[in-house]
Each structure stands twice: as structure tokens, then as C-alpha cells.
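Letter by letter, the chains look like this.
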Amino acid sequence: MLTRRGCLAYATPLVEQLRQEVPLRVYTSAYATERLPKDSIPIKTYRSGFEFFWNSLVRLPLFLWQLRRVFQQGYKTAYFPLFHPWNWWIMHWCKWWGLRIVFTVHDGVPHQGEQSLGAFRLRKWCIQSSDQLIFLSHFVQQQVTERYTFRGKATVIPHGIVHPSSLRKIPRQLPQKRVRLLFSGRLSAYKGLDLLLDAMAQLTADPRLTLTVAGMPINGYQLPTLPENTKVIAKWLAEEELAKLLQEHNISILPYIEASQSGVIPLGIAAGLPMICTKVGGLPEQLTKEEAVWVAPEVDSLVTGIKQLASDPILYADLHQKMLAKQATLSWEAVAQKVATFL
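A short tour of the structure in this document, coming up. In this text, all values refer to a predicted model and were calculated from it rather than measured experimentally.

Notes on the overall build of the chain
Along the backbone of the chain there are 13 helices and twelve strands. Its C-alpha atoms give the chain a radius of gyration of 21 Å, near enough to 20 Å, the size a compact globule of 343 residues would have. Expressed as lengths along the three principal axes of its C-alpha atoms, the size of the chain is roughly 65 × 40 × 40 Å. Expressed as a percentage of its 343 residues, the buried residues of the chain come to 51%. For the chain, the exposed area adds up to about 16,100 Å²; of that, 52% sits on carbon and sulfur atoms.

Here we look at the side chain of asparagine 229
Here asparagine 229 lies in the loop between β8 (209-214) and β9 (230-233). With relative accessibility at 11%, the residue asparagine 229 sits in the buried group. Within the structure, the side chain of asparagine 229 is placed 3.3 Å from the side chain of threonine 230, a separation counted as a polar contact. If we skip the residues at most four places from it in the chain, asparagine 229 touches Met200, Leu203, Thr204, Leu209, Thr210 and Leu211.

Description of the packing of aromatic side chains
Under the counting rule described, the total for this entry stands at eleven aromatic pairs. On the numbers, 5.1 Å between centres and 70 degrees between planes, the contact of tyrosine 27 with phenylalanine 63 is edge-to-face. Of the two residues, tyrosine 27 sits in strand β1 (residues 27-29) while phenylalanine 63 sits in helix α3 (residues 59-71), which places them 36 residues apart along the sequence. Phenylalanine 63 carries the same exposure label as tyrosine 27, and that label is buried. An aromatic cluster of at least three residues, connected via ring pairs, comprises Phe71, Trp93, Trp96 and Trp97. Taking NZ or CZ as reference, arginine 47 lies 3.9 Å from the ring centre of tyrosine 31, over its face.

Reading the values: rules and limits
- Residues numbered from 1 in each chain as written.
- Predicted model: local features only at pLDDT ≥ 70, side-chain atom pairs only at ≥ 80, totals over all residues.
- Heavy atoms only, no water.
- Helix = DSSP H or I, 4+ residues; strand = E, 2+ residues; numbered from the N terminus.
- Rg over C-alpha atoms; globule rule 2.2 N^0.38 Å.
- Buried < 20%, exposed > 50% of the residue type's maximum accessible area, 1.4 Å probe, protein only.
- Areas by Shrake-Rupley, 256 points an atom, 1.4 Å probe, with all protein chains shown as cover.
- Polar contact = N/O pair within 3.5 Å; in protein donor to acceptor, adjacent residues only side chain to side chain.
- Contact = heavy atoms within 4.5 Å.
- Phe/Tyr/Trp six-rings, centres within 6.5 Å; stacked < 30°, edge-to-face > 60°.
- Lys NZ or Arg CZ within 6 Å of the ring centre and 35° of its normal.

Have a look at this one:
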């Protein structure tokens, strides 16, 4: 798991629980900016284009050479819970030594405005080089099946609850004076933020409604003009900052125009937050039709959904209780047991 940031909130708790099921040796990036499993072994990957070029020529071969001693200790499987540009070379080195390759696929095809063609070509090669694949949704499994050639075993194991350690469980009820909406995560074209901001512009007449957009713009994404009821926190969020935002806000909103699945939904579940979601991609696999307010990826539909949830305390309380009930079904212990069985 050599990724520096982004999906480590998935891999770290999974690996920590997996350690209780199977013996593991865990390699992580020395430059990671998020929490990592304890006792992981740091590898100097890269933080820039120059370091990627240089370390791919120097440090990656050195790392591969060091791995040969590990293989001699009897390890049978190499598990890659996250994509990293070095994965393909590491996978083939592991296969040469007779290890079985298991890879978790988070995204099957490029999102609008996301990642380079080269990165997704490497992801395709990783998929086709694996012996077994784990998907987070049936939607992504179908995408991969239709697009790539893969003849190994595959399973779907949903994303566990992303639960920042500083997140306190608090009782929630719909406020009368101010309803705070939260859009969190990386800011990219496929997230539908343009639609949400247009919807908020139509809701400026309601002084109760405010929106916080929190996350780092990626791949050159430019924020549109903000309506006056909206503020932006444009940066990578530390775990404590994210937990504070989840506690302070009343509704989590996902206006995506496409989605494989979303780590924002497990965050909302962990925080007991009622959610408004567009019915696209793999999102309906993460929440049932009764567990969220579902809308179309259109401005008018978003406006209707926001008005509905922000003005109905009974619906709000019902969704809050459903999130509390759902927490037990997505524990990392349960996810790790399924992954260990598949491994």
C-alpha cells in the first residue's frame, strides 16, 4: 500500500484488522500524509515528477531486490489494497517468485477529469496481472468485466466505515435556525459540485441553509463562482479536521454525476449523518432507497432533495437512526474476515 494519500482511510483499518486474521508484512510510503498501520515498513516512493522518474529507476529496483529475502520466508500471497504506479512491476516480480496476486479495484474506468490515461493503463495491467480481484461494488465489477480481460476469481466486499478516531457519536436532530450541508472529499469534475453550487444559488432566499465544500481540488479542477451561502476549505483535511466538520454539519451531500462508490458514504454512516445522494454508479449499493434522500444529477432535483430533508424533522430523525443501525454491518472486523477468507 504505497499510496501517499487518498484511499489510505480504506487500506489502513483493513490491514490493521487483517493482521488479526493472517500473518502480514506491510509496506507503505515513507511520504504518506495519512495514518498508516503500526509497524509498517516505509519505502521511499515519490513526491514529484522528478522523484517518480529517479526513484522508479533507482529505489524501485532496490526494493524489488530486497523482497527476494521476504519471499524465501514462505509468503504465498501478495495483496495490493490500493493502486500505485509501481504495483505492476512489483506484481510481476512477486509472480516470478510464485506468489499469488490479489488486488482491490476501487475504480474500473477513468472518471471525468480524473487521472491520466497512463495511470489507468497501468491500472488495467494490474487488473489483468492479478490472480484474484476484490471489488467494492458490483457496479465496478461489471465495468471491469465489460472493459478488460480477466479470468481469475473475483468477489465484491463493500467499503467499511471510515471512522476518524476523534469523531464523537452525537445525537442528531434537525436544527430550526440553521441547517449546515457538507460536501467533502477531493474536488473533481465528476463529483457534480457545479450542479450543487447552482442548486445552492437557487436556495439563497432560505437563510437557514449553508454549504461547506471541504477538500483539495485535483487534476486542475477550478472552483466555480460561489453563492453567498457557501464557503470552501480547499485543502487536504487532517483526520481531526474532518471529524470536526462531520460533527458540526447536519447533512452530507453527494451530487456526483458518476461514481464507482464513495468513501464519503461510510464517513457519513460513521457520523450518523443523513445524506442526499444522486442515484448514479455504485452509490445505490452503499445505501438502500430508504437510507438516504435520492435525487437525480440535476440542479432542480438537488434543490428539491435539499428542501425536503432540511424541512422534515421526522425524515431527518429516521435517516439518522438508519445510519446508526447500519454502522454494525460495515465494521472493519467484518470486512477483514471476508477479505481473509478470500485471500
